Amino acid sequence: MPVFRIERDGDVALLVLDVPGAPVNTLNRDARAEFSTLLPQLAADGSVKAVVLISGKPENFIAGADIEEFTGLKTADEAAALSRMGQELIQRIEDFPKPVVAAIHGACLGGGCELAMACTWRVATDHPKTVIGLPETMLGILPGAGGTVRMPRLIGLRAALDIILAGKSERAAKAFKLGLIDELVHPAILRQTAVAAARRLATSGPPTRDPRPAGLLAWALDRTKPGRALVARMARKAVLKKTLGNYPAQPRAIDVILTGLNQGPAAGYRAEHVAFGDLAVTDVSRKLVALFFADTALKKDDPANGAQAILVRRLGVLGAGFMGASIAGTAVTQAEVEARMKDADLKAVGHGIKAATGIVDGRLARRRITRSEADRLRALISGSEQYVGFRNCELVIEAVYEDLEVKRKVLKEVEEATGPHTIFATNTSTIPISLIGAQATRPTQVIGMHFFSPVDKMPLLEVIPTDRTSAETIATAVSFGRRMGKKVVVVKDHPGFWVNRILTPYLNEAGRLLAEGTPVDQLDRVLLKTGFPVGPAALLDEVGLVVAQKAGKVMHEAFGARLEPAPLLGTLLADQRQGRKNGRGFYHYHDGHKIGVDDSVYDLLGVHPKPRDPKEIEQRCLYAMLNEAAMAFAEGVVRSPRDGDMASIFGIGFPPFRGGPLRMIDDVGAANVVKTLEELTAKFGPRFTPAPSLVQMAKDGSRYYPA
Amino acid sequence: MDVPPGRRAAIVAGLRTPFARSGTVLRDVPAVALARHAARELLYRAELDGREVDQVIWGQVVPSVLVPNVAREVSLLPQFPRTIPAYSLNRACASSAQAVADAHDQIVQGFADVVLAGGVESLSDVPILHSRGMTRILMDASKAKSLAARLATFARIRPKDLIPVAPAIAEPSTGESMGQSAEKMAKENAIPRREQDEIALRSHQRAAAATVDGRLTAEIAPWFGGKGMDEPVTSDNGIRSDTSIGALSALKPVFDRRYGTVTAGNSSPLTDGAAGVLVMAEEKAKALGYAPLAYVKAYAVAAVDPGWQLLQGPAYAVPKVLERAGLTWKDLGLVEIHEAFASQVLSNIQVWGSKAWADRLGLKGPVGDVDWSITNVSGGSIAIGHPFGATGARIVTQLANEMTRRNVQFGLISICAQGGMGMAMILERA
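Residues numbered from 1 in each chain as written. Chains lettered and ligands numbered in written order. Predicted model: local features only at pLDDT ≥ 70, side-chain atom pairs only at ≥ 80, totals over all residues.

1. What about the overall build of chain B?
- From N to C terminus, chain B includes 14 helices and 12 strands.
- A compact globule built from 430 residues would reach a C-alpha radius of gyration of about 22 Å, and chain B, at 22 Å, matches this within 12%.
- Each principal axis of the C-alpha distribution contributes one length, and for chain B these read about 75 × 55 × 45 Å.
- Expressed as a percentage of the 430 residues in chain B, the buried residues total 54%.
- If you take every contact in chain B between residues at least 6 apart in sequence, the share linking residues at least 24 apart comes to 80%. (Helix = DSSP H or I, 4+ residues; strand = E, 2+ residues; numbered from the N terminus. Rg over C-alpha atoms; globule rule 2.2 N^0.38 Å. Buried ≥ 20, exposed ≤ 12 C-beta atoms within 10 Å, placed from the backbone. Contact = placed C-beta atoms within 7 Å.)

2. A look at the overall build of chain A
- The helix and strand tally for chain A stands at 30 helices and 22 strands.
- For chain A, whose C-alpha radius of gyration is 28 Å, the value lies close to the compact-globule estimate of 27 Å for 707 residues.
- In terms of its C-alpha atoms, chain A occupies a principal-axis envelope of roughly 80 × 60 × 55 Å.
- For chain A, the residues scored as buried account for 50% of the 707 residues in total.
- Sequence separation of at least 24 residues holds for 73% of the intrachain contacts in chain A that already meet a minimum separation of 6.

3. Some remarks on the environment of Leu 278 of chain B
- With respect to the helices, strands and loops of the structure, Leu 278 of chain B is situated in strand β8 (residues 271-281).
- Linking Leu 278 of chain B and Asp 371 of chain B, residues 93 residues apart in sequence, is a C-alpha distance of 29 Å.

4. Remarks on the interface of chain B and chain A
- Opposite the 15 residues of chain B that make contact, chain A presents 17 residues.
- The biggest single contributor to the side of chain B that touches chain A is helix α1 (residues 31-45) of chain B, with four residues.
- Taken together, the residues that form the side of chain B that touches chain A break down as seven nonpolar, two polar and six charged. (Nonpolar A, V, L, I, M, F, W, Y, C, P; charged D, E, K, R; others polar.)

5. Description of the sheet that holds strand β13 (residues 314-318) of chain A
All names here are of chain A.
- The sheet built from eight strands is open, its strands ordered β15-β14-β13-β16-β17-β18-β19-β20 with mixed pairing. Either end of the sheet is taken by a strand with one partner, and the two such strands are β15 (381-384) and β20 (487-490). Taking the axes of each pair of neighbouring strands and ignoring which way they run, one obtains an average angle of 25° across the sheet.
- Here strand β18 (residues 446-451) pairs with strand β19 (residues 460-465) via five bridges, running antiparallel. When the bridges of β19 are listed, Met 449 appears paired with Val 463. (Pairing = 2+ DSSP bridges. Axes fitted to C-alpha atoms, helices over the stretch in contact; angles between N-to-C directions.)

6. Observations regarding the packing of helix α4 (residues 132-143) of chain B against helix α5 (residues 147-154) of chain B
Residue and element names in this part refer to chain B.
- Where α4 meets α5, the axes come as close as 8 Å, and the angle between the chain directions of the two elements is 175°. The pairing of α4 with α5 is recorded here as roughly antiparallel in orientation. Contact residues: α4 offers Ile 137, Asp 140 and Ala 141, while α5 offers Arg 150, Thr 153 and Phe 154.
- Looking at the contact of α4 with α5 residue by residue, the class counts come to three nonpolar, one polar and two charged. (Parallel < 35°, antiparallel > 145°, perpendicular 65-115°, else oblique.)

7. Brief notes about the environment of Ala 344 of chain A
- Assignment of secondary structure puts Ala 344 of chain A in the loop between β14 (338-342) and α15 (346-365).
- Sequence spacing of Ala 344 of chain A and Leu 318 of chain A is 26 residues, and the spatial spacing of their C-alpha atoms is 9.2 Å.

8. Re the sheet that holds strand β8 (residues 107-109) of chain A
Residues and elements named next belong to chain A.
- Read across the sheet, four strands follow the order β5-β8-β10-β11 without closing on themselves; strand pairing throughout is mixed. For this open sheet the edge positions go to β5 (60-62) and β11 (169-171), each flanked by a neighbour on one side alone. With direction set aside, neighbouring strand axes in the sheet form an average angle of 20°.
- Relative to strand β10 (residues 131-133), β8 runs parallel, the two sharing two bridges. Counted as the bridge partner of Leu 109 is Gly 133 from β10.
- Helix-sheet contacts for helix α4 (residues 111-118) involve β5, β8 and β10, and the interaxial angle to β8 is about 85°.

9. Some remarks on the nonpolar core
- Val 52 and Val 101 of chain A together with Val 279 of chain B are the most contacted members of the largest nonpolar core, which totals 349 residues.
- No other element matches the 12 residues that helix α26 (residues 614-634) of chain A contributes to this core.
- Every residue in contact with Val 101 of chain A, bar those within four places of it in the chain, is listed here: Ala 50, Val 52, Leu 53, Cys 119, Thr 120, Trp 121, Val 123, Ala 194, Ala 197 and Ala 198 of chain A. (Core = buried A, V, L, I, M, F, W, Y, C linked by C-beta atoms within 7 Å.)

10. Some words on unusual backbone geometry
- A cis geometry characterises the amide bond from Ser 453 of chain A onward to Pro 454 of chain A, with omega recorded as -5°.
- Looking at where Pro 454 of chain A falls in the secondary structure, it is placed in the loop between β18 and β19.
- Even without a glycine there, the phi angle at Asn 407 of chain B is positive, about 50°.
- Residue placement: Asn 407 of chain B occurs in the loop between α14 (388-406) and β11 (410-417).
- Taking the C-beta count within 10 Å as the criterion, Asn 407 of chain B has 9 such neighbours and is therefore assigned exposed.

None of this, on its own, says anything about what the molecule does.
Now the structure itself:
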């Protein structure tokens, strides 16, 4: 089946891209080949005065290159050749003798954006689905079909860096403001506007663009050599601060963009495809691409084996504290469901409604939604001090105090206040779901939904069925979690589930290192460099020392000496240090912001801070986590290595470029991991004793993932 | 009134916001927000699926220019499908009683099964207008083509143009304010000050008791006040449990300082609030599993010459509704008289008990004598407050609940309204 079809509107030819059998268009092999043969035909056809490039998909222009193709690339030369081919193809559009107008509705990303930028004129719809950008750096590569050269020429160096380095997609209105789009129209008139533009350009020659407002400073920074050098220097500094050198694509992209601006397009294209080749075969890019596929697979995964999810229209939330309010606010903004909250007294309920509304307000402030959308979302949030409005809830999520008896009590109340179909989900991090649901009258409708704080920002949700939970309940929890924008992993009802299970030995070890006099900032710096988004001391402060101590105790009771907590949390708590919550922890806080290490913590712990071998810090923390991940996996806590790794990356911030703890074990080699663990055991004690499954893997050379 | 067999309009549930004296806790809340709060909480309280609602009818007397059709904003709550038609109406102080009456009509005609009726008023949120001169200048300025032309237009502004125009609660036809009318009625009907103050005292005492025992608070959806939304308001703030005849009689008359008897104490205060009533076809209510509180038996509206006694509309409306329902005063087990002013309540009562009035209307005898043991039993508008558009729905709910509690067969509502209008409604149990 052809990828393109040609339609005519008088003297304008419409090139309609519609990749057969795919929900979105990608510039795959077939598309490229057909495009190469169609272009000369259209150029030669005297009856065609201009061309409009448009998509046949209802809500997608071109989602980008075919990422599947990348995974087959073996060498840098091969990858560079692919990039050069893309550059040449797109160059032919720029060189096309007749005007080419891109008519954009839906996602116009990566290669699609690069293609559009080579067109004579770009018309886009002012629709929320229309987004334009270059996300390549998120996959550890850079735009490889001329994007690094054309974008800064089109919208200026700073704006281009902003998009390319963050891998950003801009909404149509913003893209128009930047000059990435020439005309912004209602979807209903996209086609006719594009055809009219094409005809206009064919008769009146090259387009004149409305000048985008700029100033002297903008001119100096974007258009002069010293200005650009300054911009590049600042961008490099910012990138380094963010990536700590772990992600090579960003700094490389800065170099390539500057080459294109300073030495001309030809040099730019050359630098671009060489860099693309180098980056495409880096381990970092491989891991990020694998992560992209794992993410896609996870979204399609069906852990309920075909059971139908109940559509949640009204969500009940018990407990209007920070967690409950965040769940309600996120559910409302993401899934647009009614969120009905309940707490013991009206003051708490009002406070919770206010906090939940704050999430809507935040999206309004960031202009992700309009004022009227915000009004509508706010009106979805309500509550009272009784179970009013709960009868018709399809799902009730409790986020009350972490105590078995309290949770059992609310389960009983919910079962009485709701209809026979209502599902009860408990948001606990430490209590087994089966214990909470032990006395349930509808045990098949009890499930765990473990959210991570802050709920509106943390992407992971652990869904925890018990032995008695029905498939329909699992399907509903998973489907609703996805509607809330979460990556959902189904885990076993086992203490700590997956995330807290493998996080516990990591934090325990960090605690020991601190108790031994490791400087707080050194500890955090080392693990940031390892690739974690937050250092462990800062994380403890963030989570709150009360919660951390309680969770640590539960895990210790469940798993014994291996997970014995470091004794320091008690000492800190005795000194009224609860972390960020009360502005006192390992760090000083001002208005809730971390402002530096609180040195008095060393006196409190009775130590003199002395820097320690960074390798020891990294190994003790990281290998404690790897070992625990191996044990939890052997116990069946997650259903696949992919689930375990995804949960680690999105729940803890395990370095994405390392692919997750199980992937990392494969990469390092089980034998090497065992060897390191044995060394750690010899030096620091039996808590590092390698997991039996690792020892077995080391022996028989097996892996988590196929090699 | 001819009701086709099998179609009766049931009062299923009612709920309101707390009523707050204007300028107090609801001062910064737009009327539309109050209306939406009452409607949404009523929906939740009734555990009703928003998709069941066929129509929304909402009363408001002083609408905001920004939200001319408050009913549609209610029906656009995200708890409802976006396709529920809605209209706002203005029958002055009887507006939300009219909304209930309209709901009844739609249901009885078979045009709807479930109607959300209600009303709202924010007298903290009244539109303050520019003077006509200022309005003209602003409109000319918005049409000016250049900055110079615009400045030239603004140069026309004179100090008198800057004086804003606030809507007065006065009759356009007579120029007489509501309070002046009440004062006139007190004089013409020879209503003593003492009796007016006693009406007020009883209103406060009964409302206070009904607040303490929860009869009134059960009809209130708490409002989350304060910047942090953590200052819940659960009851009406105009009710004075500690007032006394002494305190009331010490107040100075407002509308006629020298010879007057109408005071702030024996009048209803300017109030903010909203109230909603869920009205359903009898079969629909039963099919959804509701036990109706009461049914609308009949209603009647009448008007008098505003230049006569502005608030005597009930003098006509009440006998009319009794006739329509085929009932007499003695059949009534509960009576709710809207208390705009104590002098108006006493004037209404006087005329109902009057033989002369009965003769004038061609009735066999006086309409009836008020028995205070069954009248305004949990207080009235003087104590609870009077958000114009919301009062009717407040009274319908209060009466329907009390009829259920006392197992009363028939209850009467009488409401006087601006423009010389009066509205009366009879509810029946079972």
